[in-house]
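Given next are the chains, with one letter for each unit.
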Amino acid sequence: MSQNADNVVDHFNLFRSPEYVDMFKTKKENFENAEPTDRVEEIREWTKTWEYREKNFARDSLTVNPAKACQPLGAVFVAVGFESTLPFVHGSQGCVAYYRSHFSRHFKEPSSCVSSSMTEDAAVFGGLNNMIDGLANAYSMYKPKMIAVSTTCMAEVIGDDLNAFIKNAKEKGSVPEEFDVPFAHTPAFVGSHITGYDNALLGVIKHFWDGKAGTVPVPERVPNEKINFVGGFDGYTVGNQREIKRIFDLMGIEYTMLCDASDVWDTPTDGEFRMYDGGTTLEDAAAALNAKATVSMQEYCTTKTLDFCASKGQETVAFNHPVGVAGTDRFLMEIARLTGKAIPEALAKERGRLVDAIADSSAHIHGKKFAIYGDPDLCYGLAAFLLELGAEPTHVLATNGGKEWAEKMQALFDSSPFGKGCHVYAGKDLWHMRSLLFTEPVDFLIGNTYGKYLERDTGTPLIRIGFPVFDRHHHHRYPVWGYQGAMNVLVWVLDKIFDEIDKNTIVPAKTDYSFDIIR
């Protein structure tokens, strides 16, 4: 083999060496029952046709590469957003390894989470003993201020009752009786990560606002002038949460950020390990009951949470991942209305700079066709911004989008002359998107890292916006909300457009004939 200790070859080059090429060829011929290459190519070409697209869209019992994750991932996201809180997933170790790796690979930070380590015996007899031992170990080893419990498929299939299990664990002395252990049932076989986020956040605030599962009297709401802010499941939470804090501070607003994970996923390297950092304090989470309103940046990610807040007498306002001029305008005007605070001149100038930047670059974006996939709110926000830019969000797909979202997307298309040829696809997956890109090609694709396979297969250039982004670094540190965030999205889109222009004007005196150094 060509690999040795004196010359360690990167795997990209290692597997291209002759011995590996031969090994893979032999394996394919002798063990994979491979079809002839020409037959494979024939079928592959057929899958690009309208005939195949119709068959693809007719399937109703199979999902291929869904653009979503499972509920417990969203629950872990919520737990991380509270002060010194340890996510505890009642299920197997393998599931929790997935959640931790997913967040670590996206945010490039360690992501703490423990499990009750359920195995085959717990699947038969129930996981009560796992809960008792797991809470005791987590409390004594990791010294959290709160443990937030959620579930995986295994615990849900056998019907484990978290409320009863946690009470039993406290009676056994796993954790003190007064220790905060909010919980949420998050079955991974229904919904998605945004459903899990909603269920888990609801579990945390119900714990504090409804008397800590009956261990203390239900607190009386004493309204004040604060507002609560909820960001939702957001791959840009580091940049976005800080941008919202900056905006609120400029406006002089009193606020509570519910579920603020911006610090724990952006810790400094200074010689100190921070298992917990930042987050909404438990005192602020409890006091958030008294706020006059709760504002969510992602409507479809916080449905149950907002309903609960409204039931407590709070006004609720929901946005759809506002990106761009109009989205930020509406957000700021609603915040100004709720708080009575004026929008400062500094933000008005930021708006003007964004409008100027759009005008500078509109000729390069106008008329370009885009396909977008991701979470429902993100898709809506990005599509709205593209319409502002004079682009056409031709295909907008959300695997975890529903009928209501689809209707709202269609209304957005109908509101703009650039939305005339645009279509929304709720509940569809990335194999559906492949058919769309082959039969109705677009200029660019916007989505997470998994879109690189669509890029390679269909030749549609990918702009990485969403969650997860594994193969590019540090985008999560930049906001996409606010005028500054819209500027970032504008630059990312333009950079890809210019990259593609450069690819087509790369030969001196042949394709490079119009002062190619200037854009």
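See the structure above.
Residues numbered from 1 in each chain as written. Predicted model: local features only at pLDDT ≥ 70, side-chain atom pairs only at ≥ 80, totals over all residues. Heavy atoms only, no water.

K.L.:
Please set out unusual backbone geometry residue by residue, giving values where relevant.
P.N.:
Pro-468 follows Phe-467 through a cis peptide bond whose omega is 0°. Along the chain, the position of Pro-468 falls in the loop between β12 (462-464) and α21 (482-503). Phi angles above zero are rare outside glycine, and Ser-84 is one such case at about 45°. (Helix = DSSP H or I, 4+ residues; strand = E, 2+ residues; numbered from the N terminus.)

K.L.:
Break down the environment of Lys-226 for me, citing the residues and quoting the values.
P.N.:
On the secondary structure map, Lys-226 appears in the loop between α11 (193-209) and β4 (227-230). A residue is classified by how much of its surface remains accessible, and Lys-226, at 27% relative accessible area, is partly exposed. Separated by 173 residues in sequence, Lys-226 and Arg-53 place their C-alpha atoms 51 Å apart. For Lys-226, the contacting residues outside a window of four places in its chain are Glu-254, Tyr-255, Thr-256, Ala-291, Lys-292 and Ala-293. (Buried < 20%, exposed > 50% of the residue type's maximum accessible area, 1.4 Å probe, protein only. Contact = heavy atoms within 4.5 Å.)

K.L.:
Break down empty space enclosed by the protein for me, with residues and values.
P.N.:
Inspection of the entire model under this criterion finds one cavity of 30 Å³ or more. Computed from the structure, the largest cavity encloses a volume of approximately 80 Å³. Only α5 (71-80), β1 (85-90), β3 (146-151) and α11 provide two or more residues apiece to the lining of the largest cavity. Per-element tally for the lining of the largest cavity: the top contributor is α5, with four residues. Residue composition of the lining of the largest cavity, by class: 14 nonpolar, one polar and no charged. (1 Å grid on protein atoms, 1.4 Å probe; cavity = no way out; pocket = protein on both sides within 12 Å on 5 of 7 lines; lining within 4 Å. Points joined across faces, edges and corners; volume = space filled by probe spheres on them. Nonpolar A, V, L, I, M, F, W, Y, C, P; charged D, E, K, R; others polar.)

K.L.:
Tell me about the nonpolar core, and please be specific about residues and values.
P.N.:
Among soluble globular proteins, nonpolar side chains are generally buried collectively. Core analysis: the biggest nonpolar cluster contains 64 residues, and Phe-229, Phe-248, Phe-331, Trp-405, Met-409 and Val-489 have the highest contact counts within it. Counting residues per element, this core draws most heavily on α21, which supplies nine residues. When near neighbours in sequence (up to four residues on either side) are disregarded, Met-409 contacts Cys-379, Tyr-380, Ala-383, Val-396 and Val-424. In terms of nonpolar packing, the next biggest core, distinct from the first, is built from 43 residues, Phe-82, Ala-184, Ile-194 and Cys-259 among them. (Core = buried A, V, L, I, M, F, W, Y, C linked by side-chain atoms within 4.5 Å.)

K.L.:
Could you give an account of the pattern of salt bridges, naming the residues involved and the relevant values?
P.N.:
Across all of its chains, the model carries 32 salt bridges by this definition. Between Asp-457 and Arg-434 there is a salt bridge whose closest N-O contact spans 2.5 Å. One end of the pair, Asp-457, is in helix α20 (residues 452-458); the other, Arg-434, is in helix α19 (residues 430-439), and 23 residues separate them in sequence. Owing to a relative accessible area of 3%, Arg-434 belongs among the buried residues under this scheme. Between Glu-500 and Lys-503 there is a salt bridge, and its shortest N-O distance comes to 3.1 Å. Placement of the pair is Glu-500 and Lys-503 together in helix α21, with a separation of three residues, close to one helical turn. Each of Glu-41, Arg-44, Glu-45, Lys-48, Arg-434 and Asp-457 takes part in one network of salt bridges that share partners. (Salt bridge = Lys/Arg side-chain N within 4 Å of Asp/Glu carboxyl O.)

K.L.:
Explain the packing of aromatic side chains to me, using residue names and the numbers behind them.
P.N.:
Two numbers describe a pair of aromatic rings. These are the distance of the centres and the angle of the planes. Taken as a whole, this structure holds 28 aromatic pairs when the rule is applied. Ring geometry for Tyr-139 and Phe-179: centres 5.0 Å apart, planes at 80°, overall edge-to-face. Of the two residues, Tyr-139 is situated in helix α8 (residues 128-142) and Phe-179 in the loop between α10 (162-171) and α11; the sequence distance between them amounts to 40 residues. According to the relative accessible area criterion, Tyr-139 is partly exposed, its value standing at 29%. Judged by relative accessible area, which is 9%, Phe-179 ranks as buried. Taken together, a centroid distance of 5.8 Å and an interplanar angle of 85° make the contact between Phe-229 and Phe-248 edge-to-face. (Phe/Tyr/Trp six-rings, centres within 6.5 Å; stacked < 30°, edge-to-face > 60°.)

K.L.:
How would you explain the sheet that holds strand β2 (residues 114-115) if you had to name every residue and give the values?
P.N.:
One open sheet accounts for three strands, arranged β2-β1-β3; its pairing is parallel. Two strands close off the open sheet at either side, each with one partner strand: β2 and β3. Here β1 pairs with β2 via two bridges, running parallel. From the neighbouring strand, Val-89 faces β2, where its bridge partner is Ser-115. Sheet contacts for α10: β1 and β3; angle to β3, the most-contacted strand, approximately 140°. (Pairing = 2+ DSSP bridges. Axes fitted to C-alpha atoms, helices over the stretch in contact; angles between N-to-C directions.)

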